[in-house]
Amino acid sequence: MDAIDNKVLVIRIEKVEKHPNADRLDLVHVHGWQCVAQKGTFKAGGLAVYVPVDSVLPPGLEARIFPEGSKIKLTKSRIKTIKLRGAISQGMVLSVEDMFSFYDGSDLSEGDDVTELLGITHYEPPAPEPSMRGDQVSKKKKNRLFPVYHKISHFKNYPDLFEEGEDVVVTEKIHGTNFRAGWAPMLADSWWKKVKKFFGYLRKWEFVVGSHQVQINIEKNWKGFYPTNVYAQAVIDYNLKDVIPFGYIIYGEIYGDGIQKGYHYGCEDGHRELRIFDVLVTAGPSEELQGYLSWGAVTAIAEIICVPTVPVIYQGPYRKELVKDWESGHSQLCPTQKHREGIVVKPRMEQVTWIGRKILRSINPEYLLRSESDFH
């Protein structure tokens, strides 16, 4: 069966339990997710439509599921993690018969993708909106060898990706703002650069800096979501132009004052810090990306450039039943931070599988209930 990964699928119900605090509600389990539903609506082994968190419902479907007078109200039609009578509900399960009463759903079977059929889309947080002033955004063409960090899929969407006993590294996922910087090859991607390359004047490397989506000119006063250019400040604070080796891009998280409400990780007013979680080797002679480093090499680069890595929660043989324990609890970065955002699991040695990089995330449900940020 297809993995969920933001799709709305016809899925088989794993089990149904009585809600411990509500006689009229059940806890329905699908593909590792728990959803609160009206009592008696679903049975274990039956089919249902699972709508994952961060799905956006079209007006007609929203009105049908949450009619006037409903106790549950959506914000901008978006499905979020909620708590109903003390039980966490992550997504929704819908009756196949009810959802397709207007459509011949008799031919639907487990694993069918009904996302487009129901008109459901996936929520994407808005990209940082820079000022309209021309001096605040880089006018330079984006370097294709400075890629944005790929989106990491959730553990519950690929529950069998890791094998029991496999050697893994589990790191804390920090709630901050994504940061990337390093030395990428200078590409002859304009007429003037091609002329300079022809005469041998084109520099081999260029220092590149970015937020998650935007390549930033650090010489300008780029602000985005923040009052100051926190990305340029990180470059200065950690002397990154001088310490990152040519051909390497670091990916990390900036956290601290003014970054995420309620998640300062012990930083004092006006203070921010950086932790790295991945390192990419950029192009060789072929001008093609070489790939991400294994964790041991990431820690070695971190020591060289004097930038700490994100906290390691566990290293050793993988055990599926421990994922919930790893994802919850206080932050290891700052014990006074009551709820860690979650974890990232990857093999000790970098691997590529049928989904791409072998790396998954798992988010702490308590964090989702309390977070005011779109960036998870």
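Because the structure is a prediction, the values reported are computed rather than measured.

> An account of the overall build of the protein chain is requested, with residue identities and associated values reported.
For the protein chain, the count of helices and strands is nine helices and 23 strands. Expressed as a percentage of its 376 residues, the buried residues of the protein chain come to 50%. Long-range pairs, those at least 24 residues apart, make up 68% of the contacts in the protein chain with a sequence separation of at least 6. When the accessible surface of the protein chain is totalled, it reaches about 19000 Å², and 52% of it is carbon and sulfur.

> Tell me about the sheet that holds strand 14 (residues 205–210), residues and numbers included.
As summarised here, the arrangement of the six strands in space is 15-14-13-16-17-18, forming an open sheet in which the pairing is antiparallel. The open sheet has two edge strands with one neighbour each: strand 15 (215–216) and strand 18 (291–292). With six bridges joining them, strand 13 (residues 177–185) and strand 14 adopt antiparallel strand pairing. Opposite Trp183, over in strand 14, you have Phe207 as the bridge partner. In the packing of helix 5 (residues 230–237) onto the sheet, the strands contacted are strand 13, strand 14, strand 15, strand 16 (248–256) and strand 17 (272–281), and the crossing angle to strand 13 comes to about 60°.

> For the pairing of strand 3 (residues 25–30), give the residues involved together with the corresponding values.
Counted residue by residue, strand 3 has five buried out of six residues, so it is predominantly covered. Pairing between strand 2 (residues 15–18) and strand 3: four bridges, direction antiparallel. Looking at the pairing, Lys15 lines up with His29 of strand 3. Turn length for the strand 2-strand 3 hairpin, with the two strands adjacent in sequence and antiparallel, is six residues. In this sheet, strand 4 (residues 33–38) lies alongside strand 3 in antiparallel orientation, the contact comprising six bridges. By the bridge assignment, Leu25 is partnered in strand 4 with Gln38. Connecting strand 3 to the next strand, strand 4, in antiparallel fashion are two residues, including His31 with a positive phi near 55°.

> Go over the pairing of strand 5 (residues 47–51), please, and point to the residues and values.
By the criterion of burial, strand 5 is predominantly enclosed, with four of the five residues buried. Relative to strand 5, strand 1 (residues 9–12) runs antiparallel, the two being bridged by four bridges. In the strand pairing of strand 5, Arg12 is matched with Leu47.

> So what about the packing of aromatic side chains? Which residues, and what values?
This model, assessed by the stated rule, comprises 14 aromatic pairs. Both rings, one in Trp183 and one in Phe207, keep their centres 5.2 Å apart while their planes meet at 65°; by these two values the pair is edge-to-face. Taken together, the positions of Trp183 in strand 13 and Phe207 in strand 14 put the pair 24 residues apart, joining distant regions of the chain. As far as the burial class goes, Trp183 and Phe207 line up, both buried. Pairing Tyr263 with Tyr265 gives two aromatic rings, centres 5.9 Å apart and planes at 55°, and the pair type is tilted. The same class applies to Tyr263 and to Tyr265, which are both buried. An aromatic cluster is built from Tyr149, Tyr251, Phe277 and Tyr292, whose rings are joined through pairwise contacts.

> Describe helix 7 (residues 295–305), with residues and values.
All of the buried residues along helix 7 are Trp295, Val298, Ile301, Ala302 and Ile305. One side of helix 7 holds all its buried residues, which, seen down the axis, span an arc of 115°. Residues of helix 7 that are exposed and angled more than 90 degrees away from the buried face: Glu303 and Ile304. Each element contacted by the buried residues of helix 7 is listed here: strand 12 (167–173), helix 6 (240–243), strand 16, strand 17, strand 19 (312–317) and strand 20 (342–347).

Cut-offs applied
- Residues numbered from 1 in each chain as written.
- Predicted model: local features only at pLDDT ≥ 70, side-chain atom pairs only at ≥ 80, totals over all residues.
- Heavy atoms only, no water.
- Helix = DSSP H or I, 4+ residues; strand = E, 2+ residues; numbered from the N terminus.
- Buried < 20%, exposed > 50% of the residue type's maximum accessible area, 1.4 Å probe, protein only.
- Contact = heavy atoms within 4.5 Å.
- Areas by Shrake-Rupley, 256 points an atom, 1.4 Å probe, with all protein chains shown as cover.
- Pairing = 2+ DSSP bridges.
- Axes fitted to C-alpha atoms, helices over the stretch in contact; angles between N-to-C directions.
- Phe/Tyr/Trp six-rings, centres within 6.5 Å; stacked < 30°, edge-to-face > 60°.
- Arc of directions from axis to C-beta.

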